[in-house]
Amino acid sequence: MDFSRRDFLKGAAATAATVAFTGVMSGCTAKTNAETPAPENAAVNTKWYDENYFKKPNPITNIAETIDVDVVVVGAGNGGCISAVSALDLGAKVAWVEQGAGVITFAGEIAALNSKIAIERYGVSYTEEERNKIVNDICRYASYENEQRLVKLWAENSGRTMDWFVDKMAAKNVDMFLETDLYETSTYTTPAVTHTVFKKGEFVEMGPNYMGSQLANPVWEQYADEMGVQKLFKHTAKQLIQDNNGKVTGIVVQRNEDEKYIQINVSKGVILATGGYSGNPEMMSALRYRDKDAIVNNLGGHGHNGDGIKLALWVGAAMDRNHAGGIAFNRAALDLDHHVGEPYSSGLSDIWWAGSQPWLKVNTRGERFMNEDGPYDFQINGGITQPDRYWFQIFDSNYWEDVNAFHTTICGRVVAAKGARNSEVLPGVFPCKNKSEFEGAFLNPGLESGRLIKADSIEDLANQLGIPAVEFARTVERYNELAAKGYDSDFGKTSRNIRPVIKAPFYGIALGNWLLCTFNGIRINTNMQAVTENGDGIEGLYVVGNDSGGFFANSYPQYYGGLAQGRTSCFARLAALHAVTDSIYEA
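Section: the overall build of the chain
Reasoning step 1: Looking only at helices and strands, one finds 15 helices and 17 strands in the chain.
Reasoning step 2: Here the chain, with 587 residues, has 60% of them falling under the buried criterion.
Reasoning step 3: Counted over contacts in the chain with a minimum sequence separation of 6, partners at least 24 positions apart contribute 74%.
Reasoning step 4: Summed over all atoms, the accessible surface of the chain reaches about 23,100 Å², with 47% contributed by carbon and sulfur.

A few points about the sheet that holds strand β5 (residues 194–199)
Reasoning step 1: The three strands lie next to each other as β3-β5-β4, forming an open sheet whose pairing is antiparallel. Unpaired on one side and paired on the other, β3 (110–111) and β4 (174–178) mark the two borders of the sheet.
Reasoning step 2: One ladder, built from two bridges, connects β3 with β5; its direction is antiparallel. Within the sheet, the bridge partner assigned to A111 lies in β5 and is T194.
Reasoning step 3: Along the sheet face, helix α7 (residues 213–226) touches β4 and β5 and points at about 70° away from the line of β5.

Things to note about the nonpolar core
Reasoning step 1: Within the largest apolar cluster, 127 residues are counted, with the highest numbers of intra-cluster contacts made by W154, F165 and I264.
Reasoning step 2: Sequence-distant contacts of W154, that is, excluding residues within four places in its chain, are made with A111, A112, L113, I134, I138, F551, L563, G566, R567, C570 and F571.

Some details on the packing of aromatic side chains
Reasoning step 1: Inspection of the entire model under this criterion finds 33 aromatic pairs.
Reasoning step 2: For the pair W164 and W220, a centre-to-centre distance of 5.2 Å together with 5° between the ring planes defines the contact as stacked. Of this pair, W164 sits in helix α6 (residues 148–170) while W220 sits in helix α7, placing them 56 residues apart in sequence. This pair shows no difference in class: W164 is buried, exactly as W220 is.
Reasoning step 3: These aromatic residues form a ring-pair network of at least three members: W352, W359, F395, Y399, W400, F406, F438, F442 and Y507.

Brief notes about the side chain of D350
Reasoning step 1: Locating D350 in the fold gives a position in the loop between β11 (327–333) and β12 (360–362).
Reasoning step 2: The class for D350 is buried, based on a relative accessible area of 11%.
Reasoning step 3: Among the polar contacts listed, one links the side chain of D350 to the side chain of R451, at a separation of 2.7 Å.
Reasoning step 4: Here D350 is in contact with N297, R331, A332, A333, S345 and R451, once residues within four sequence places are set aside.

Here's the deal with helix α14 (residues 469–485)
Reasoning step 1: For α14, which comprises 17 residues, the first-to-last C-alpha distance of 24 Å matches the rise-based estimate of 24 Å (1.5 Å per residue) to within 8%.
Reasoning step 2: For α14, the full list of buried residues reads F472, T475, V476, Y479, N480, L482 and A483. Viewed along the axis of α14, the buried residues span an arc of 160°, placing them on a single side of the element. The outward face of α14, more than 90 degrees from its buried face, is lined by the exposed residues V470, E477, A484 and K485.

What to know about the pattern of salt bridges
Two side chains bearing opposite charge may form a pair once their charged atoms approach each other closely.
Reasoning step 1: Under the counting rule described, the total for this entry stands at 31 salt bridges.
Reasoning step 2: The shortest N-O distance in the salt bridge between R413 and D181 comes to 2.7 Å. One end of the pair, R413, is in the loop between α11 (399–406) and α12 (435–449); the other, D181, is in the loop between β4 and β5, with 232 residues separating them in the sequence.
Reasoning step 3: A residue is classified by how much of its surface remains accessible, and R413, at 4% relative accessible area, is buried.
Reasoning step 4: By relative accessible area, which is 14% here, D181 ends up buried.

Re α6
Residue pairs spaced three or four apart in an α-helix point in one direction, given the helix's 3.6 residues per turn.
Reasoning step 1: The end-to-end C-alpha distance of α6 is 33 Å, a good match for the 33 Å that 23 residues give at a rise of 1.5 Å each.
Reasoning step 2: At N157, α6 is bent by approximately 50°, the largest bend along its length.

Description of unusual backbone geometry
Reasoning step 1: The omega angle of the peptide bond from G207 to P208 is 0°, so this bond is cis rather than trans.
Reasoning step 2: Along the chain, the position of P208 falls in the loop between β5 and α7.
Reasoning step 3: For the bond from A504 to P505, the omega torsion is -5°, close enough to zero to count as cis.
Reasoning step 4: Summarising the element assignment, P505 is placed in the loop between α14 and β15 (506–517).

Quick look at the side chain of S555
Reasoning step 1: Assignment of secondary structure puts S555 in the loop between β17 (537–543) and α15 (563–581).
Reasoning step 2: Exposure remark for S555: the relative accessible area of 3% places this residue in the buried category.
Reasoning step 3: Within polar-contact distance, the side chain of S555 engages the side chain of D377 at 2.5 Å.

Quick look at the environment of R389
Reasoning step 1: Residue position: R389 is located in the loop between α10 (376–383) and β13 (391–395).
Reasoning step 2: When near neighbours in sequence (up to four residues on either side) are disregarded, R389 contacts D293, A294, V340, G383 and I384.

Looking at the packing of helix α3 (residues 78–89) against α6
Reasoning step 1: Where α3 contacts α6, the two axes come as close as 12 Å, and the packing angle between them is 85°. The angle between α3 and α6 places the two elements in the roughly perpendicular class. Note on element contacts: α6 touches α3 through W164, F165 and K168, opposite I82, V85, S86 and D89.

Considering the pairing of β4
Reasoning step 1: Across the five residues of β4, five count as buried, placing the element largely inside the fold.
Reasoning step 2: Burial of the side chains of β4 extends over both faces: V174, M176 and L178 are buried on one face and D175 and F177 on the other.
Reasoning step 3: By the bridge criterion, five bridges tie β4 to β5 in an arrangement that is antiparallel. Bridging across to β5, M176 finds its partner in V197.

A look at the packing of α3 against α7
Reasoning step 1: Between α3 and α7, the least distance of the axes is 9 Å, while the angle of their chain directions is 30°. Between α3 and α7, the angle is such that the two are roughly parallel. With respect to the hand of their crossing, α3 and α7 are arranged in left-handed fashion. Together, N78, C81, I82, V85 and L88 of α3 and S213, N217, W220, Y223 and A224 of α7 make up the contact between the two elements.
Reasoning step 2: Its residues placed into classes, the contact of α3 with α7 shows seven nonpolar, three polar and no charged.

Remarks on the environment of K260
Reasoning step 1: Tracing the sequence through the fold places K260 in the loop between β8 (248–255) and β9 (261–272).
Reasoning step 2: Separated by 32 residues in the primary sequence, K260 and K292 place their C-alpha atoms 35 Å from one another.
Reasoning step 3: Those residues in contact with K260, other than ones at most four positions away along the chain, are A64, V253, Q254 and R255.

Here we look at the environment of D293
Reasoning step 1: On the secondary structure map, D293 appears in the loop between α8 (281–286) and β10 (295–297).
Reasoning step 2: On the accessibility criterion, D293 (44% relative accessible area) is partly exposed.
Reasoning step 3: The sequence separation of D293 and R131 amounts to 162 residues, and the corresponding C-alpha distance is 37 Å.
Reasoning step 4: Once residues lying within four places of it in the same chain are set aside, the contact partners of D293 are V340, G341 and R389.
Reasoning step 5: Only 3.5 Å separates the side chain of D293 from the side chain of K292, close enough to count as a polar contact.

Rules of the game
Residues numbered from 1 in each chain as written. Predicted model: local features only at pLDDT ≥ 70, side-chain atom pairs only at ≥ 80, totals over all residues. Heavy atoms only, no water. Helix = DSSP H or I, 4+ residues; strand = E, 2+ residues; numbered from the N terminus. Buried < 20%, exposed > 50% of the residue type's maximum accessible area, 1.4 Å probe, protein only. Contact = heavy atoms within 4.5 Å. Areas by Shrake-Rupley, 256 points an atom, 1.4 Å probe, with all protein chains shown as cover. Pairing = 2+ DSSP bridges. Axes fitted to C-alpha atoms, helices over the stretch in contact; angles between N-to-C directions. Core = buried A, V, L, I, M, F, W, Y, C linked by side-chain atoms within 4.5 Å. Phe/Tyr/Trp six-rings, centres within 6.5 Å; stacked < 30°, edge-to-face > 60°. Polar contact = N/O pair within 3.5 Å; in protein donor to acceptor, adjacent residues only side chain to side chain. Expected span 1.5 Å × (residues − 1). Arc of directions from axis to C-beta. Salt bridge = Lys/Arg side-chain N within 4 Å of Asp/Glu carboxyl O. Bend = angle between axes of the 7 residues up to and from the residue. Parallel < 35°, antiparallel > 145°, perpendicular 65-115°, else oblique. Left-handed = near helix turned anticlockwise from the far one by under 90°. Nonpolar A, V, L, I, M, F, W, Y, C, P; charged D, E, K, R; others polar.

In structure tokens:
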């Protein structure tokens, strides 16, 4: 597998050079005599976020029931599942709190380095030098506004936590796949790190396959039930409890059915894993979330209201100060009114999965404005800087030949390939083996939705899309000239991906930002404990997944497929280990 490491690492220093830089001069305006000082008794916001929104509530005292356990895990998504089972596996008495009725089964790709299955089955391994290059590449992507020690912790421990994951799944007849069909362009390259579960004996090489958290998380729930977890689903976490020294000693939750309060006392700790705040626009405003008004779709955000983050802030934890990013896809299909911002759409029909294909992209003026061949976040960042904060994707009837030439990978893959997981990412959406499948999975549903526009001429396409026809025709003509030359002298797009727009009928669709989840959260140390503004750990409080911060900043390194869940899975286990044994390492 030398091609998967060395080719990637040669270009690692150059791949993460584009990040957003916001607001550093916002406080540099000189004070004028016309300014009036605030009254001495006026309320002053001393934080970078809205303090009023995060004002600590009064303690809840009307407790109807009390429970005593070792560990409480709050949340039943990817992190909560692993923390709960890990703590139970270590012999702890665990209460598992979830506001919904069952486990969350969103996403499913898990990035890890040097797992046994990667080394022994797929021949993929990374030296210490290569791991350090990967760590620094991820940090460069974040402009080093993250905590490098956390990234290094993932790089050094994701393999062994993946080994535990694989062993537990294997006992339930679930296997693990490593994606080895990779992607390389002048902009970025994908490394072989992406692990995904599948039902043992049911993997079909060219797909489509049933894989991911929809398979794994019900298995974790089964484990938890078998090991005697005290399950409090349909309960909502309300407040943490601290002793006089600041140690977190429990949590108050509310039963959804009758609104009764239950106090859960803990001897070891509380692990928060509630999934961030992508479903809460009000909290986005309170945290000055930069891209809030540029979001089109937040499918996956339902129920992710920032509860865990609020709980931690109320007991003195510190919050990441970067106001942007999140994990986002450039696949949100705009409605016919081209609406951007609140209210966000969240339907499956509002997703155009082929939006990550590097076809010609133009703004609402009909102008090409960037290299289309980049990770999802780069494309979104470029697109939302344009007029109206959205863009159009343009292609012709050679679409099947185009997508085969593009050979996009990870979850942007639309063509089945050997070495790929070829999984059904959404109902009826999967990498295709032929043109007919592609039309059934992508083209026809797009046309039926009315979002994808079909026209017999470039002029007609412009008119239907509402783009200035003359400028659009000029842009297409120039793009076709570059395609004929095989060199993009305008923006440097990889030659194989400059596909001409010449064969009628022609197609276009308005696209925008699909926010999957936020990633600026509570700051943590290398024991997964929440920390204060001074960096001191809060005893008894652990934060994982999208409730936690420090790992990402500004933009998400999409080409490390599954890095978000890889971080979540690894740290969820480490949090449980430390809570139960006072060490992140197994005995």
